[in-house]
Amino acid sequence: MGRELTYAGAILEATSQAMSKSDQVVIMGQLVDYSSGVFGTTTGLVNQYGVERVRDFPVAENLMTQTALGMALNGFRPLIVHQRLDFMIYSLDAIANWLALWRFKSNGKTNLPVVIRAIVGKGWGQGPQHSKSLHSWFAHLPGLRVAIPATAYDAKGILLESLLGESPTIIIEGRSLFSMKEEVPEEMYRVRFGKAAIRKAGKDITLVALGMMVPIALRVAAELEKVGVEVEVIDLRTISPWDETAVLNSVQKTGRLVVADPAWKSFGVAGEIVTTIAERFRGEWKSRPRRITHPDSHTPMSMSLEKEYYPNELKLVEELQEMMKA
Amino acid sequence: MINNEWLSHQTIQSRGDYKEVRAEMVAPEIGFSLWRQMTRLRTVEQALHEEYHPADEMRCPIHFCIGQESIPAALSLLVQASDYLFSHHRSHGYFFAKGSPLKELFAEIYGKETGANGGKAGSQDISHHETRFYSGAILSGAVAIAAGVATGLKIRKSKEISIAGFGEGATDEGAFWETLNYAGKEQLPLLLVCENNRYATYSDQLKRQFNDNISERVKPFGIRSIKVFGNDSPLVYRTIEEGIKSIREGAGPLLVEAYTYRWNSHVGPEDDGKNEYRTSEEMNFWKRNCPIRLLENALKNANQWNQSDIDKAKKIIDQEIAECFRFAKESAFPAGVCWKELNEEDKTPLADQWLAEEQACTFDQNQSDAKLGPY
Ligand SMILES: Cc1ncc(C[n+]2csc(CCOP(=O)(O)OP(=O)(O)O)c2C)c(N)n1
Ligand SMILES: [Mg+2]
């Protein structure tokens with residue numbers, strides 16, 4: 001058994017390793033240089049790398065993103081951290097009008113390796129302005145890479161791949177995953193974009209899961225195994241680009257597809273995956289494809305409503321069992 | 001340096017024609033260069049303006065800068081190749097100021113493969129990475145990016161500076177004031193050049209802002225500032241010269257507010273006069289007080305007007321423009337684009353060099369969610 005790190009610890013290690021390997025890497029965000037360090041993901045970096053490279057930025061998210069863009073143009077590899085994705089919405093102009101299209105506008109000549117970490121709150125009454133996961137918005141834009149790591153191992157590999165890659169990248173991090181531990185190698189390694197992880201093999205149902213739906217999906221698969229249903233759990237890990245081949249191959253085997261996306265249903269990633277597979281799958285569906293998502297509603301604060309709002313194992317088990325009947 | 005307390009769009013006209021231009025403010029060769037650069041820019045813009053219709057070969061919005069030549073001309077003599085320059089939508093003057101290749105501007109406007117951006121960007125989004133010139137049509141965005149470049153320059157302790165050119169309309173935007181707050185606090189090597197031409201499209205500055213003194217309002221943010229009559233090219237030159245020098249020496253950000261005026265419609269060659277946002281009296285005042293004409297008079301008064309040099313320079317400009325048109329028109333249109341490649345980089349040289357391939361990971365799903373607190 002190797003060394004274990006939490007999801008937060010893995011992010012911290014990746015950041016520190018990238019910063020020590022390349023002095024082009026700088027980090028910017030609110031409160032990144034205090035000891036609480038954005039839920040432990042930046043703690044101590046300032047002692048090692050100094051305030052010029054660990055920059056507590058004014059509370060001005062749009063400017064922060066434009067600043068990162070300008071720094072990238074000047075040869076840096078900036079990493080931006082948002083304590084909540086919701087705060088980042090002020091930076092949509094910087095992202096949609098500048099960052100995502102810079103390469104295009106330069107006729108494919110200039111790349112801007114800006115990496116944006118966006119944390120999605122869940123639980124303890126985060127409510128409608130502290131819990132949104134807008135990964136489908138970002139994945140809709142050409143020119144951006146979007147990842148949604150579910151495990152500590154992937155959090156480190158994806159962050160390193162992004163910081164030492166050449167493309168503007170948004171990494172969506174589920175706050176509820178931050179304490180989850182796992183074996184994480186000390187060496188610097190990569191998790192490539194567009195390569196899904198088959199977390200559990202199975203022949204009956206293809207269950208594609210994203211971000212914080214991954215542990216739930218795996219628990220559901222274990223539950224259904226007990227009643228003889230073999231679920232194949234695919235953790236997409238990155239959604240722009242996403243691993244169409246892995247999902248298609250699985251569906252070719254199972255004939256059943258369900259996508260668990262921790263976001264709203266309408267116009268979302270789950271719909272995109274189902275559509276793409278429907279276009280490409282030449283076999284026969286054994287059951288119609290399904291989406292398991294949050295309801296099309298903003299997030300409630302109250303504990304009791306939170307429970308109702310977020311999809312849980314019971315809901316998933318039910319849905320998957322129904323698919324087996326069809 | 002000069003008493004300019006009276007300066008604002010409200011007062012400029014009421015003082016009568018501007019009489020203060022002094023060729024002696026700058027060396028004779030600078031005076032001539034200012035005249036040549038302004039005339040070159042004016043002639044380019046007039047030629048594009050005339051050619052736009054009915055040829056209809058330039059199929060993109062163009063914001064002409066006729067009447068506003070003195071800032072770009074002064075900058076063209078003062079910026080270094082390694083400085084960064086960011087422009088708003090009215091980009092041609094700044095493209096020109098950075099010494100970016102003019103024929104690539106023409107070809108870009110014509111949507112040709114040989115354009116600065118292979119016809120992907122057009123007039124209001126043009127850039128030329130090799131000469132460190134960038135622009136964009138979203139107001140104030142490029143000002144904020146310029147602060148990012150300046151941040152990098154400051155970290156590297158570089159002598160280069162970052163420059164942003166924009167209009168007074170851009171200062172309605174929050175992004176502009178976010179930039180001031182940060183640039184002032186960080187004392188960035190940043191030159192902000194505001195060409196106050198009074199209008200944002202048709203809308204008068206005083207319809208949008210309580211006052212028209214941007215240069216005053218930036219001071220509490222830690223930004224030094226100065227306002228000038230923007231059509232006095234020797235004054236503009238000296239102001240920017242001193243400004244750039246002070247920024248290179250580490251004095252921090254500076255905003256130059258230059259009061260000037262656009263002759264043409266906001267965009268395109270069509271007349272936008274039906275919106276009745278400005279009077280012909282005002283337009284005539286500014287045409288009489290044209291930056292090129294004011295300098296010409298001043299050069300003549302100072303006995304620095306040499307007709308044969310002038311004629312020679314004009315001839316070279318005409319030849320250059322003819323060559324630019326020829327290049328743009330004869331160049332091929334882009335075709336067979338790979339959209340994916342155009343938008344996405346798939347090479348990762350650093351990651352390839354430094355990162356090991358991933359191994360199988362062993363995730364245990366039977367862990368509870370992180371315990372969240374109030375934050
Ligand atoms: C964010 C944004 N809002 C609106 C516009 C539309 N627009 C284009 S130019 C312009 C006026 C700009 O005025 P100013 O900044 O003074 O520059 P000028 O055109 O006078 O040179 C407006 C409102 C825009 N380009 N970007
Ligand atoms: Mg204006």
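Quick caveat: nothing in here was measured; it's all calculated off a predicted structure.

1. Digging into the interface of chain B and chain A
Inference 1: The interface of chain B with chain A comprises 66 residues on the first partner and 74 residues on the second.
Inference 2: Looking at the side of chain B facing chain A, the largest losses of area belong to Phe363, Leu372 and Tyr375 of chain B, adding up to 12% of the total buried there.
Inference 3: The interface formed by chain B and chain A includes 28 residue pairs in polar contact (both at pLDDT 80 or more).
Inference 4: Among the elements of the structure, β1 (84-87), β2 (133-135), α5 (141-155), α6 (174-186), α13 (339-343) and α14 (349-354) of chain B are those that each provide at least two residues to the side of chain B that touches chain A.
Inference 5: Per element, the largest residue contribution to the side of chain B that touches chain A is 10 residues, and it comes from α5 of chain B.
Inference 6: Among the residues forming the side of chain B that touches chain A, the class breakdown is 27 nonpolar, 21 polar and 18 charged.

2. Structural notes on the sheet that holds β1 of chain B
Residues and elements named next belong to chain B.
Inference 1: Reading across the sheet, the 6 strands line up as β2-β1-β3-β4-β8-β7 and stay open at both edges, with parallel pairing between neighbours. Two strands close off the open sheet at either side, each with one partner strand: β2 and β7 (224-229). Across the sheet, the axes of successive neighbouring strands diverge by a mean angle of 15°, strand direction being ignored.
Inference 2: Judged from the 4 bridges that link them, β1 and strand β3 (residues 162-167) form a sheet pairing that is parallel. Looking at the pairing, Phe86 lines up with Ala164 of β3.
Inference 3: Contacts from helix α9 (residues 233-248) reach β4 (190-196), β7 and β8 (254-259), with the element oriented near 165° to β7.

3. Concerning the pairing of strand β7 (residues 169-174) of chain A
Residue and element names in this part refer to chain A.
Inference 1: Within β7, 6 of the 6 residues are buried, which leaves it mostly tucked inside the rest of the structure.
Inference 2: Taking every second residue as pointing to the same face, both faces of β7 are buried, with Thr169, Ile171 and Glu173 on one and Ile170, Ile172 and Gly174 on the other.
Inference 3: As paired strands, strand β5 (residues 115-120) and β7 are joined by 6 bridges and run parallel to one another. Among the inter-strand pairings, Ala118 is bridged to a residue of β7, identified as Ile172.
Inference 4: Of the pairings in the sheet, the one linking strand β6 (residues 145-147) to β7 comprises 3 bridges and is parallel in character. Bridge pairing links Val146 to Ile170 in β7.

4. Considering the site of ligand 1
Residue and element names in this part refer to chain B.
Inference 1: Close contacts around ligand 1 come from 16 residues, with His89, Arg90, Ala137, Gly169 and Asn197 the closest.
Inference 2: Take Glu168: an N or O atom from its side chain is 2.9 Å from an oxygen atom of ligand 1.
Inference 3: Take Gly169: an N or O atom from its main chain is 2.7 Å from an oxygen atom of ligand 1.
Inference 4: Here ligand 1 has 580 Å² of accessible area as a free molecule, and 75% of this is covered by the chains.

5. Points about the packing of helix α2 (residues 70-78) of chain B against α9 of chain B
Residue and element names in this part refer to chain B.
Inference 1: Contact geometry of α2 with α9 gives a least axis separation of 9 Å together with a crossing angle of 45°. Comparing the axis directions of α2 and α9 gives the class oblique. The way α2 lies across α9 gives a crossing that is right-handed. Here Ser70, Ile71, Ala74, Leu75, Leu77 and Leu78 of α2 come into contact with α9, specifically with Ser233, Val236, Tyr237, Ile240, Glu241, Ile244 and Arg248.
Inference 2: Taken together, the residues that form the contact of α2 with α9 break down as 9 nonpolar, 2 polar and 2 charged.

6. Describing the coordination of the magnesium ion (ligand 2)
Ideal donor angles around a metal are set by the shape: a four-donor tetrahedron calls for 109.5 degrees, a six-donor octahedron for 90 or 180 degrees.
All names here are of chain B.
Inference 1: Binding of the magnesium ion (ligand 2) to the protein goes through Glu168 (OE), Asn197 (OD1) and Tyr199 (O), at separations of 2.0 to 2.3 Å.
Inference 2: Between consecutive donor residues of the magnesium ion (ligand 2), the sequence gaps follow E-x28-N-x1-Y. Here the residue Glu168 occupies a position in the loop between β3 and α6, and Tyr199 occupies one in strand β5 (residues 199-200), the gap between them amounting to 31 residues.
Inference 3: Overall, Glu168 belongs to the buried group, its relative accessible area being 0%.

7. Regarding helix α10 (residues 244-254) of chain A
Inference 1: Of all the positions in α10 of chain A, only Ala246, Val247, Leu248, Ser250, Val251 and Thr254 of chain A are classed as buried.
Inference 2: Positioned one or two residues after α10 of chain A, Gly255 of chain A has a phi angle of 70°, which is positive.

8. As for the pairing of strand β11 (residues 231-235) of chain A
Consecutive side chains along a regular strand alternate between the two faces of the sheet.
All names here are of chain A.
Inference 1: By the criterion of burial, β11 is predominantly enclosed, with 5 of the 5 residues buried.
Inference 2: The side-chain alternation of β11 yields two buried faces, one formed by Val231, Val233 and Asp235 and the other by Glu232 and Ile234.
Inference 3: Examined bridge by bridge, strand β10 (residues 205-209) and β11 share 5 bridges and lie parallel to one another. Looking across to β11, one finds that Ala209 is bridged to Asp235.
Inference 4: Once the chain exits β10 it traverses helix α9 (residues 213-225) before rejoining the sheet at β11, and the crossover so formed is right-handed.

9. What about the domain arrangement of chain A?
All names here are of chain A.
Inference 1: Domain parsing of chain A yields domain 1 (4-183) and domain 2 (197-325).
Inference 2: Each of domain 1 and domain 2 has a C-alpha centre, and these two points are 26 Å apart.
Inference 3: Summed over both sides, the interface of domain 1 with domain 2 buries roughly 2,000 Å², with 64% coming from carbon and sulfur.
Inference 4: Looking at the side of domain 1 facing domain 2, the largest losses of area belong to Lys122, His135 and Ile148, adding up to 25% of the total buried there.
Inference 5: The interface formed by domain 1 and domain 2 holds 2 salt bridges in total.
Inference 6: Across the salt bridge formed by Arg199 and Asp154, the nearest N and O atoms sit 2.6 Å from each other.
Inference 7: Where domain 1 meets domain 2, there are 9 residue pairs in polar contact (both at pLDDT 80 or more).
Inference 8: Residue assignment for the side of domain 1 that touches domain 2 shows that the elements contributing at least two residues are α7 (135-140), β6 and α8 (152-163).

10. Brief notes about the pattern of salt bridges
Inference 1: In the structure shown here, the tally under the stated rule is 50 salt bridges over all chains.
Inference 2: Residue Glu186 of chain A is joined to Arg3 of chain A by a salt bridge in which the shortest nitrogen-to-oxygen separation is 3.8 Å. Taken together, the residues Glu186 of chain A in the loop between β8 (181-183) and β9 (197-200) and Arg3 of chain A in the segment before β1 (4-6) connect sequence positions 183 residues apart.
Inference 3: Note that Arg103 of chain A and Glu345 of chain B form a salt bridge whose closest N and O atoms lie 3.4 Å from each other. Of the two residues, Arg103 of chain A is situated in helix α6 (residues 102-105) and Glu345 of chain B in the loop between α13 and α14; the pairing between them involves two chains.
Inference 4: A relative accessible area of 11% places Arg103 of chain A in the buried class.
Inference 5: Using a relative accessible area of 12% as the deciding quantity, one classes Glu345 of chain B as buried.

Rules and cut-offs
- Residues numbered from 1 in each chain as written.
- Chains lettered and ligands numbered in written order.
- Predicted model: local features only at pLDDT ≥ 70, side-chain atom pairs only at ≥ 80, totals over all residues.
- Heavy atoms only, no water.
- Contact = heavy atoms within 4.5 Å.
- Buried area = accessible area lost by both parts, 1.4 Å probe.
- Polar contact = N/O pair within 3.5 Å; in protein donor to acceptor, adjacent residues only side chain to side chain.
- Helix = DSSP H or I, 4+ residues; strand = E, 2+ residues; numbered from the N terminus.
- Nonpolar A, V, L, I, M, F, W, Y, C, P; charged D, E, K, R; others polar.
- Pairing = 2+ DSSP bridges.
- Axes fitted to C-alpha atoms, helices over the stretch in contact; angles between N-to-C directions.
- Buried < 20%, exposed > 50% of the residue type's maximum accessible area, 1.4 Å probe, protein only.
- Near = heavy atom within 4 Å.
- Areas by Shrake-Rupley, 256 points an atom, 1.4 Å probe, with all protein chains shown as cover.
- Parallel < 35°, antiparallel > 145°, perpendicular 65-115°, else oblique.
- Left-handed = near helix turned anticlockwise from the far one by under 90°.
- Donors = N, O, S within 2.8 Å, 3.2 Å for Na, K, Ca; no water.
- Right-handed = clockwise from strand over helix to strand, strands pointing away.
- Domains from an automatic or database assignment.
- Salt bridge = Lys/Arg side-chain N within 4 Å of Asp/Glu carboxyl O.

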